[in-house]
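Listed below are the residues making up each chain.
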Amino acid sequence: MSKVIVVTSGKGGVGKTTTSAAFAAGLASKGYRTAVIDFDVGLRNLDLIMGVERRVVYDFVNVINGEATLRQALIKDKRVDNLFILPASQTRDKEALTKEGVESVINELKEDGFEYIVCDSPAGIEKGAFMALYFADEAIIVTNPEVSSVRDSDRILGILQSKSQAAINGETVKEHLIITRYSPERVNNGDMISLEDIVNILSVPLLGVIPESKAVLQASNSGVPVIMDVKSKAGQAYMDMVERYLGEDVPHRFLDVKKKGFFKKLFG
């Protein structure tokens, strides 16, 4: 049975697209037929992070408008079997997305055997974000350990619980929490909200904690989902997240301050 999973948050710049790319690539690497859709019409960043920007011919809006078939618009990833990308349009506005059009594309993906359909939501609560979450069976809430990000994520949770199709039908969207750019050192210094406080405020089951890492920016600039950088802490944390999502018992890592060695303590 297909699952539609929206990756969302209220605030921009928290790592939604990075998370969407990593999560979709991780699911596909585990053997699941996975499509990831960019709902950020007018901006379009998913294709850059996935490294397929030069292969975009048709986009999500072309399919909705009947200007191309879904198979023409889907881009097959060259590195991971079972992974397909549906890019957003850079030349249209978000009004081009309609409930009927989005539903038609999602239904066609389900009929085509996709087991996971990952919806990369734009920031905020405008139409593109609403369309990304409306048909969701599950939601991954992405937040940074800062007050404004957590507050905006709480607002998105309210929309999921009241305006999604599942909520309207009296059902529940299963929620997961991802905390990105987490730094135990900065939490200890009082510069960031602690993991425990974020979980208590949002009351959403914790799926993963992604440490602050230069590898994320390097991967984005290279057009490679960071989960493929298996040597980086961020890549390892994203793979842990995928395995945890699939039901494996994987402990959380990178949550504690790294202890100084003897010579560092001695010489600072």
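Note that the structure is a prediction, hence the values are computed from the model and not measured. (Residues numbered from 1 in each chain as written. Predicted model: local features only at pLDDT ≥ 70, side-chain atom pairs only at ≥ 80, totals over all residues. Heavy atoms only, no water.)

**Q** How should I be thinking about the overall build of the protein in this particular structure?
**A** The helix and strand inventory of the protein stands at 13 helices and eight strands. For the protein, the C-alpha radius of gyration of 18 Å lies close to 18 Å, the compact-globule estimate for 268 residues. Taking the principal axes of its C-alpha atoms as reference, the protein extends roughly 70 × 40 × 35 Å. Counting only residues that meet the buried cut, the protein has 53% of its 268 residues in that class. Taking all contacts inside the protein whose residues are at least 6 apart in sequence as the whole, residues at least 24 apart take part in 75%. Accessible surface, the protein as shown: approximately 12,700 Å² in total, 48% of it carbon and sulfur. The protein carries 33 positive and 36 negative side-chain charges, and their two centres are separated by 7 Å. (Helix = DSSP H or I, 4+ residues; strand = E, 2+ residues; numbered from the N terminus. Rg over C-alpha atoms; globule rule 2.2 N^0.38 Å. Buried < 20%, exposed > 50% of the residue type's maximum accessible area, 1.4 Å probe, protein only. Contact = heavy atoms within 4.5 Å. Areas by Shrake-Rupley, 256 points an atom, 1.4 Å probe, with all protein chains shown as cover. Lys, Arg positive; Asp, Glu negative; His and termini not counted. Charge placed at Lys NZ, Arg CZ, Asp CG, Glu CD.)

**Q** Looking at this structure, how should I read the packing of aromatic side chains?
**A** For any pair of aromatic rings, the description consists of the separation of the ring centres together with the inter-plane angle of the planes. Applying the stated rule across the entire model yields seven aromatic pairs. Taking 5.2 Å as the distance between ring centres and 90 degrees as the angle between the ring planes, the aromatic pair formed by Phe23 and Tyr245 counts as edge-to-face. Of the two residues, Phe23 sits in helix H1 (residues 16-29) while Tyr245 sits in helix H12 (residues 233-245), which places them 222 residues apart along the sequence. In terms of burial, Phe23 and Tyr245 fall into one category: buried. When the centroid spacing of 5.5 Å and the interplanar angle of 50 degrees are considered together, the rings of Phe130 and Tyr134 count as tilted. Note that Phe130 and Tyr134 are positioned in helix H6 (residues 127-134) at a spacing of four residues, about one turn of the helix. Its relative accessible area of 9% is what places Tyr134 among the buried residues. Each member of the aromatic cluster is reached from another via a ring pair, and the members are Phe23, Tyr32, Tyr116 and Tyr245. (Phe/Tyr/Trp six-rings, centres within 6.5 Å; stacked < 30°, edge-to-face > 60°.)

**Q** Can you help me understand the sheet that holds strand S6 (residues 138-143) in this one?
**A** As a general point, the strands of a sheet are linked pairwise by backbone hydrogen bonds and lie either parallel or antiparallel. Taking strand neighbours across the sheet as the criterion, the eight strands line up as S3-S4-S2-S5-S1-S6-S7-S8 in an open arrangement whose pairing is mixed. With partners counted over all chains shown, the strands left at the sheet margins are strand S3 (75-76) and strand S8 (206-211), one partner each. Helix H10 (residues 195-202) rests against S6, strand S7 (174-182) and S8 of the sheet, and its axis sits at about 150 degrees to S7. (Pairing = 2+ DSSP bridges. Axes fitted to C-alpha atoms, helices over the stretch in contact; angles between N-to-C directions.)

**Q** Can you help me understand the pattern of salt bridges in this one?
**A** When the charged atoms of two side chains with opposite charge come close together, those side chains can pair. Throughout the structure, instances matching the rule amount to 11 salt bridges. Here Glu138 and Lys3 are joined by a salt bridge, their closest N and O atoms 3.1 Å apart. Highlighted residues: Glu138 in strand S6 and Lys3 in strand S1 (residues 3-8), separated in sequence by 135 residues. By relative accessible area, Lys3 is classed as partly exposed at 33%. If you follow the salt bridges from partner to partner, you end up with Arg33, Arg71 and Asp112 in one network. (Salt bridge = Lys/Arg side-chain N within 4 Å of Asp/Glu carboxyl O.)

**Q** Help me understand the nonpolar core in this model?
**A** Buried together is how nonpolar side chains tend to be arranged in soluble globular proteins. In this structure, Phe39, Phe60, Val102 and Leu109 are the most contacted members of the largest nonpolar core, which totals 51 residues. Ranked by the residues each element gives to this core, the list is headed by helix H7 (residues 147-163), at five residues. In contact with Val102, other than residues within four places in its own chain, are Phe39, Phe60, Ile64, Leu97, Met131 and Phe135. Within the second largest apolar cluster, 37 residues are counted, among which are Leu27, Val80, Ile85 and Ile178. (Core = buried A, V, L, I, M, F, W, Y, C linked by side-chain atoms within 4.5 Å.)

**Q** Explain the environment of Arg92 to me, please; I cannot follow it from the model alone.
**A** Its location among the elements puts Arg92 in the loop between strand S4 (83-86) and helix H5 (99-111). Note on Arg92: relative accessible area 29%, which makes it partly exposed. Every residue in contact with Arg92, bar those within four places of it in the chain, is listed here: Val41, Gly42, Val61, Asn62, Asn65 and Glu67.

**Q** Teacher, can you tell me more about the pairing of strand S2 (residues 34-38) here?
**A** In the case of a regular strand, side chains alternate between the two sheet surfaces. Counted residue by residue, S2 has five buried out of five residues, so it is predominantly covered. By the bridge criterion, four bridges tie S2 to S4 in an arrangement that is parallel. For Val36, the partnering residue across the bridge sits in S4 and is Ile85. Across five bridges, the pairing between S2 and strand S5 (residues 116-120) is parallel. If you follow Asp38 over to S5, its bridge partner there is Asp120.

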